[in-house]
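Inside the fold
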Amino acid sequence: MSDVPISNILFVSTALFFIGMYGLFTRRNMITMLMAIELILNSVNINFVVFNKYLYPEKLDGIFFAIFIITIAAAEAAVAIAIIINLYRSHRSIDVEKASEMKW
Amino acid sequence: MNYSSYIALIPLLPLAGFVILGLFGKKYFKNSSGVFGCLLLLASTVLSLYAAYHYFFIDGKVGDTYQTLIPIKYTWLSFSDSLSIDMGFVLDPISVMMLVVVSFVSLMVHIFSLGYMKGEERFATYYAFLSLFTFSMLGLVVASNIFQIYIFWELVGVSSYLLIGFYYERPAAVAASKKAFIVTRFADLGFLIGILILGFQSGTLDFSTLIQRLTDRSSPQLLAIASTSFLGISLLTWALTLVFIGGAGKSAMFPLHIWLPDAMEGPTPVSALIHAATMVVAGVYLVARLFPLFHINEASLQVVTWVGATSAFLAALIACTQTDIKRVLAYSTMSQIGYMMFALGVSGYGGENGLGYTASMFHLFTHAFFKSLLFLCAGAVIHLVRSNEMKDMGGLRKLMPITNIAFFIACLAIAGIPPFAGFFSKEEILFAAWQHNPPIYYIGLITSGITAYYMFRLYFSIFWSKPHHSSPDGYRGITHHSEGTMSMKIPLIILAIGTILVGFIPFSNFISSDGKGFVSEMHLTFSTMPVAIALVGILIAYSLYFKQSDRPQKLAASLGGLYETAHRKFYIDEIYLFVTKKIIFNIVGRPAAWIDKNIVDGTMNGIAWTTGRISVLVKGVQSGKVQSYALYFFGGIVVLVILFLYVLK
Amino acid sequence: MNLSLLAILPLVTAIMIILLKGTKSVRIISLISSTLQLLLAFALLYFYWNERAMGDSAPMLFEDNYTWYAPLHINYHVGVDGISIAMILLTAFVVLAGVLVSWNIGQLNKEFFFLLLLLSVGAYGFFISIDLFTLFFFLEIAVIPKFLLIGIWGSGKKEYSAMKLALMLMAGSALVFVGLIGLYLNTNAGNGQHTFDILQIAQMNIPLPAQKLFFPFAFVGFGIFGALFPFHTWVPDGHSSAPTAASMFLAGISMKLGGYGCLRVATYLMPDAAHQYSWIIIVLASIAILYGAFATMMQTDLKYINAYSSVSHCGFVLLGIGMLTKTAITGAVMQMVSHGLMTALFFAGIGMIYDRTHTRQLSQLGGLLKIMPFISTVFVIAGLCSLGLPGFSGFVAEVTVFMGGWSRADNFYRIATIIACASIVVTAVYILRAVGKAIMGPLASNDYSLLTDAKWNEKWAAALLVIGIVAIGIAPFWLNDLVTPATETIINKISAIIK
């Protein structure tokens, strides 16, 4: 475990985080945005596990957090899908640009 | 009996007349408002005559000087401990004289109007306004405080405005009343500034105190005012000239005379009262009241003299060419007031030296009689002929015998033929001029010749010229009252008698520049010149106008451009119209309104517009796009992170 | 004498009106209430004179002081002196006249009278307040009703005018607020306690840099209310689009809120700054007087003529305040009272003409004297007062300002006074032009011969205002004696500086 420097893994998780951000900002398809959000959440998961394993090997707090996040991600994905379905019913499209009624 | 018990009634009775007739006249008085007004004024006149008797013959004189008495005075508006406007009554020779003149002439006009304005729908309003005017004028002449005289000055102006515009449905009358008020208002601006200067420099607004402080050679106020100068002219000259401008406006002196001919749009009795005998002499009265101050300031006295002389001469020239009889009389008034002005201008102070002062006041007195008589006669003529133009008249001597004789007497008086009133007063004026300022004497002399000419031109054109009067309308009203009712004839008779007798009053015993009476002599050899010139004028008028001929037109044609210039009143009206309409309206008024609407208001609207545009630009942030919001979110976090990590350690 | 009655009475009436039904009762209740207010004002005057005659020489009488919000030292503190009483009398006259004139308002008259009474609550409260916050509170009460009154019951471009008026007045209030807070924050020099109380602040010496910073805010803020050049442009549109009673109130009272505020707050509490800035005030006021008069000359709409002339006349108020002498400030207060009555009368007359002829354009009017003698006389009286004819209040006020201005010996002040004097000619020109065209002359249209003269409510409204104008014009000493002691109190700090 200690062969791989922590910075490499953190590099991966950071990259995942920013890829997820990029996907959130640029994708027009709401499902794809949801996938990007999942990516962000997962990158945070990696961070938690890595810090747990490398800095506090005898504790399990980080892993508990990771499990929490997976649970919450699942619940949030369910709610998000429900919202997307409603939006589709009113706009006939899942393009996020079309749902811009809350403007000036 | 002391003065304060009755003196206040003299102006207050007409004031009561104004209030009562103004509020209740139309409903309750109707046709009796005329008699009501006349009765009030009769009471005022009797009281004035009694006051004159009381003052001049009983207790006005102490030693050899007539005292300035102030029986009533109370503070009206106080500005500081020393400066306040007080309402007071001053009795001195000229104010008592003016009380008599104003109330008497006003009474004559009131009586005359009973017949002249009969049948007029707004009869009560007319008498209300006449009473208002009489009240204002009486208040003016007894004012003891310089601001008080200004207050009544303005009231007289507004009474004149209301009366000139009496026939308000005629645009000419409306325009004339406006013009009169605005021209005199402009002059009053000068008066106001003059009052401010005099008031502050002398520390008081009370006439006697003011004059005493500024004429006493040792007083600090005189030193201060004489040594301070603004733009190179001493403050005293400024103050007196500005005050004189106010007087010149009210007295229709050149170049502020343009309102007087137009004021003839008012009813003729009004012209007799206001624009002949009383209001227009207010300027002369003001200069006389402040005469001790004018006397010590040579510059302002020169202004008075030359303005007076110019007005006298110019007006006489214009009068020769006018065809509306009221306008001839208006210019004649301007000319005679010019005489009064320059008489004051050439006067010295004290005893015989003050002959000009006495002569001026004497001429004011006699002029009131014969000028109001002339106007009332003109009124009678106009009442009959229903026109103001000389060409519609002629040969009226058989139809209107009393008017004929009255007019003739008045013309002789104004021409200065002895033994009528005008001779004595004019002779004294010319003598005073001869003694102190010969060029003025010559101007006055020539003017009196021209005066005689145009007055007799008027007389002959109205009453002679044609064999009998024939007008296109026939002899309307010939069977009865062609000359007017009894109420129209009586004032003419009374005034005519006055014109004959008044000249014999030994005026200088009562009225002089320093209060001490003196005996003035008749200078027979000196008088021959003016009388001769007057007779020459009468003869020329006789030859041209006694019988109808075309000699006048040929003379006019031969004078060509000169005649035309005089006929068009020297184009002064046109110059004024140009200055006001083109210059003031277009260069000051219009730009002011334009700037206000477009620049000042435009700035406010501009601010609103800019706010609108900024709002349009900024509202784009609220685009409704979730992803933009997320981006702003992210940007904000980055900024905060940098802030906390690097800037705020 | 409980001063708060003055503010509570209209408030109670307003609430009663909202709860009522029916046109007739609303009008009658408003009339009774405004008459009571007038009687209250007279009673106040009487009691005030009694107290002064008995030797009470405190700067303010009938004081009431209740703690409102202690942490910020805000109190409900009311009291009156001569100047306040003069303004209260003015308000009472104008509100009663306004109620009478609006007797026949067509639509929504319940709301109309409600708003009018709310305005009067604001005005009365403003004049009796001697705590800065309370003063500001009442000032703000008065702004929104104006917006509604103009926007709903007005004529012409009413929405634009209402919006403009409301926004500009709110900008003024914002500036005033900054000034007040600035003043408040600098009042702790003596004993460490801040205060909003006017009487206490007047005794303190506010540091000069603070004064110089906040005086412009307070003065310009109140000046916007009082038509200070160049912030006066809300006046022409606002007054002209407003319904008659609102115009009367706006021009008659609302503009005086500004003048009173400039005097009581800006000049009284920050005398050193007032002295330093006085030359700017004098310049702006002189411009307003003459320039306003010239702009009026070119107007063709009767209401615009009166509105621009209000700009010119209110310039006198600010000029008087700027001159900083006892006489000039007394003149400014007199001008506030006189102009309030006069312009209310003028607007009432114009409103009566407009109700009948449905036009305000001079070109379409003419010869009204023949068919409407009472209204024409009212119009002429208002016009003559406006041009400063002796016998009416305008002359008294103007002459006092002239004398006050001339009393300062420097050429600058005298030239400013001469410019102000010159306005009497221009005023005469535009007034006589309006009178000559609308009132005199031949009848402009034959339809006019069917028009009726004033009804009973209009006659009473006009008579009320004329009585006020003539009372001051013929016997000015009562107003002079009322106001002068109060002016001396305000001015005694400044007189020491000027000497």
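Observations concerning the overall build of chain C
Per the secondary structure count, chain C includes 20 helices and 2 strands. Relative to the globule expectation of 23 Å for 499 residues, the C-alpha radius of gyration of chain C, 21 Å, shows essentially globular dimensions. For chain C, the spread of C-alpha atoms along the three principal axes comes to 75 × 55 × 45 Å. Buried positions account for 66% of the 499 residues belonging to chain C. Restricting to contacts in chain C with at least 6 residues of sequence separation, those with at least 24 account for 81%.

A few points about the interface of chain B and chain C
With 48 residues of chain B at the contact, the number on the chain C side is 58 residues. Taking both partners together, chain B and chain C bury about 4700 Å²; carbon and sulfur atoms supply 75% of that area. At the junction of chain B and chain C, the tally comes to 2 salt bridges. At the junction of chain B with chain C, the criterion picks out 14 residue pairs in polar contact (both at pLDDT 80 or more). The class makeup of the residues in the side of chain B that touches chain C is 33 nonpolar, 5 polar and 10 charged.

Focus on the pattern of salt bridges
Residues and elements named next belong to chain B. The final tally for this structure, using the stated rule, is 19 salt bridges over all chains. Salt-bridge contacts for glutamate 154 lead to arginine 185; the nearest nitrogen and oxygen are separated by 2.9 Å. Of the two residues, glutamate 154 sits in helix 5 (residues 146-164) while arginine 185 sits in helix 6 (residues 171-202), which places them 31 residues apart along the sequence. Given a relative accessible area of 2%, arginine 185 falls into the buried group. The salt bridge partner of arginine 327 is glutamate 265, with a shortest N-O separation of 3.8 Å. Of this pair, arginine 327 sits in helix 15 (residues 325-345) while glutamate 265 is found in the loop between helix 10 (259-262) and helix 11 (268-277), placing the two residues 62 residues apart along the sequence. For the pair arginine 327 and glutamate 265, a shared accessibility class is recorded, and that class is buried. In the salt-bridge network here, residues are joined through shared partners; they are Arg170, Glu265, Asp324 and Arg327.

Notes on the interface of chain B and chain A
Facing the 11 residues of chain B at the interface are 14 residues of chain A. A buried area of about 1000 Å², summed over both sides, lies between chain B and chain A, and 65% of it is on carbon and sulfur atoms. When the buried area of chain B at its contact with chain A is split by residue, B:Lys619, B:Gln627 and B:Phe634 rank highest and sum to 48% of it. Counting the contacts that link chain B with chain A gives 0 salt bridges. For the interface between chain B and chain A, the tally reads 3 residue pairs in polar contact (both at pLDDT 80 or more).

A look at the arrangement of the chains
Counting contacts across all 2 pairs of chains that touch, the top-ranked interface belongs to chains B and C. What separates chain A from chain C at the closest point of their C-alpha atoms is a distance of 22 Å, and the two make no contact.

Here's the deal with unusual backbone geometry
Between B:Phe254 and B:Pro255 the backbone carries a cis peptide bond, its omega angle lying at -5°. Among the secondary structure elements, B:Pro255 is positioned in the loop between helix 9 (235-250) and helix 10. In the segment running from C:Phe229 into C:Pro230, the intervening peptide bond is cis, with an omega of 0°. Of note, the phi angle at B:Ala252 is positive, near 55°, even though the residue is not glycine. Of note, B:Ala252 is situated in the loop between helix 9 and helix 10.

With respect to the packing of aromatic side chains
The tally for this structure, following the rule as stated, stands at 68 aromatic pairs over all chains. Aromatic pair B:Phe166 and B:Tyr167: ring centres 5.6 Å apart, planes at 65°, arrangement edge-to-face. With a relative accessible area of 25%, B:Tyr167 lands in the partly exposed category. With a centroid separation of 6.5 Å and 85° between ring planes, the pair formed by C:Trp49 and C:Trp478 is classed as edge-to-face. On the criterion of sequence distance, the pair formed by C:Trp49 in helix 2 (residues 23-53) and C:Trp478 in helix 20 (residues 477-498) is long-range, its members being 429 residues apart. Relative accessible area serves as the criterion here: at 38%, C:Trp49 is assigned to the partly exposed category. Within the aromatic cluster, the residues linked to one another by ring pairs are B:Tyr6, B:Tyr50, B:Tyr53, B:Tyr55, B:Phe56, B:Phe57 and B:Phe510. Looking at B:Arg122, its charged tip hangs above the ring of B:Phe166, at a distance of 4.5 Å from the centre. Geometry around C:Tyr413 places C:Arg408 over its ring, the cationic atom sitting 4.0 Å from the centre.

What about a nonpolar patch on the surface?
Among the surface-exposed residues, B:Phe633, B:Ile637, B:Val638, B:Leu640, B:Val641, B:Ile642, B:Leu643, B:Phe644, B:Leu645, B:Tyr646, B:Val647 and B:Leu648 lie close enough to one another that they form a single nonpolar patch of about 1200 Å² accessible area. With respect to the secondary-structure elements, B:Phe633 resides in helix 25 (residues 626-647).

Some remarks on the confidence of the model for chain C
With 99% of its residues at a pLDDT of 70 or more, chain C has an overall mean of 90. Both confidence scores are given for the complex: pTM 0.89, ipTM 0.92.

Here we look at the packing of helix 6 of chain B against helix 17 (residues 393-406) of chain C
Here helix 6 of chain B crosses helix 17 of chain C at 50°, and the two axes come no closer than 10 Å. As judged from the angle between their axes, helix 6 of chain B and helix 17 of chain C are oblique. Crossing handedness for the pair helix 6 of chain B and helix 17 of chain C: right-handed. Residues B:Leu192, B:Ile193, B:Leu196, B:Ile197 and B:Phe200 of helix 6 of chain B form the contact with helix 17 of chain C, whose participating residues are C:Phe402, C:Met403 and C:Trp406. Split by residue class, the contact of helix 6 of chain B with helix 17 of chain C holds 8 nonpolar, no polar and no charged.

Describing the environment of B:Tyr66
All names here are of chain B. Positionally, tyrosine 66 belongs in strand 2 (residues 65-66). By relative accessible area, which is 5% here, tyrosine 66 ends up buried. Separated by 11 residues in the primary sequence, tyrosine 66 and tyrosine 55 have C-alpha atoms spaced 8.6 Å apart. Sequence-distant contacts of tyrosine 66, that is, excluding residues within four places in its chain, are made with Tyr55, Phe56, Gly60, Lys61, Pro93, Asn509, Phe510 and Gly515.

A closer look at the packing of helix 6 of chain B against helix 8 (residues 220-227) of chain B
All names here are of chain B. Orientation of helix 6 relative to helix 8, taken along the N-to-C sense of each, is 135°, at an axis distance of 9 Å. Looking at the two axes, helix 6 sits oblique to helix 8. Residues Leu198, Gln201 and Ser202 of helix 6 form the contact with helix 8, whose own contacting residues are Gln221, Ala224 and Ile225.

Definitions and cut-offs
- Along each chain, residues carry numbers from 1 onward, in the same order as the chain's sequence is written.
- The naming scheme follows written order: chains are lettered A onward, ligands numbered 1 onward.
- Whole-chain, interface and lining totals are the exception, using all residues; otherwise, since this is a predicted model, local features are given only for residues with pLDDT of at least 70 and side-chain atom pairs are given and counted only at 80 or more.
- Side-chain measures were taken over the full set of non-hydrogen atoms in the model, leaving aside hydrogen atoms and water.
- The helix and strand labels rest on DSSP assignments: H or I over at least four residues marks a helix, E over at least two residues marks a strand, and numbering proceeds from the N terminus.
- The atom set for the radius of gyration is the C-alpha atoms, and the globule formula is 2.2 Å times the number of residues raised to the power 0.38.
- Any residue under 20% of the maximum accessible area for its type is buried, any over 50% is exposed, and the rest in between are partly exposed; the area is computed with a 1.4 Å probe on protein chains only.
- Contact between two residues is taken to exist if any of their heavy atoms lie within 4.5 Å; hydrogens are not considered.
- Computed with a 1.4 Å rolling probe, the buried area is the accessible surface lost when two parts are put together, summed over both parts.
- Here a salt bridge means any side-chain nitrogen of Lys or Arg lying within 4 Å of a carboxyl oxygen belonging to Asp or Glu.
- A 3.5 Å cut-off defines polar contacts: any pair of N or O atoms within that distance qualifies, except that in protein one atom must be a possible hydrogen donor and the other a possible acceptor, and neighbouring residues in sequence count only when both atoms are side-chain atoms.
- In this count, Pro and Cys sit with the nonpolar residues alongside Ala, Val, Leu, Ile, Met, Phe, Trp and Tyr, while Asp, Glu, Lys and Arg are called charged and the others, Gly among them, polar.
- Classification of ring pairs uses Phe, Tyr and Trp, with its six-membered ring standing for Trp, and accepts pairs whose centres are within 6.5 Å; under 30 degrees between planes counts as stacked, over 60 as edge-to-face, and the remaining range as tilted.
- Either the NZ atom of lysine or the CZ atom of arginine qualifies as a charge over a ring when it sits within 6 Å of the ring centre and within 35 degrees of the ring normal.
- In this scheme, patches are assembled from residues that exceed 30% relative accessible area and form no salt bridge. Like charges are connected within 9 Å, while nonpolar side chains (Val, Leu, Ile, Met, Phe, Trp, Tyr) are connected within 5 Å.
- Accessible surface is estimated by sampling points in the Shrake-Rupley manner with a 1.4 Å probe; for residues, cover comes only from the protein chains shown.
- You can read pLDDT as the predictor saying how much it trusts each residue, on a scale of 0 to 100.
- Angles here are taken between N-to-C directions and fall from 0 to 180 degrees, while the axes themselves are lines fitted to C-alpha atoms, restricted in helices to the stretch in contact.
- In this scheme, roughly parallel covers angles under 35 degrees and roughly antiparallel covers those over 145, while 65 to 115 is roughly perpendicular and the rest are oblique.
- Handedness of each helix crossing follows the sense of rotation of the near helix against the far helix: counterclockwise by less than a right angle gives left-handed, clockwise gives right-handed.

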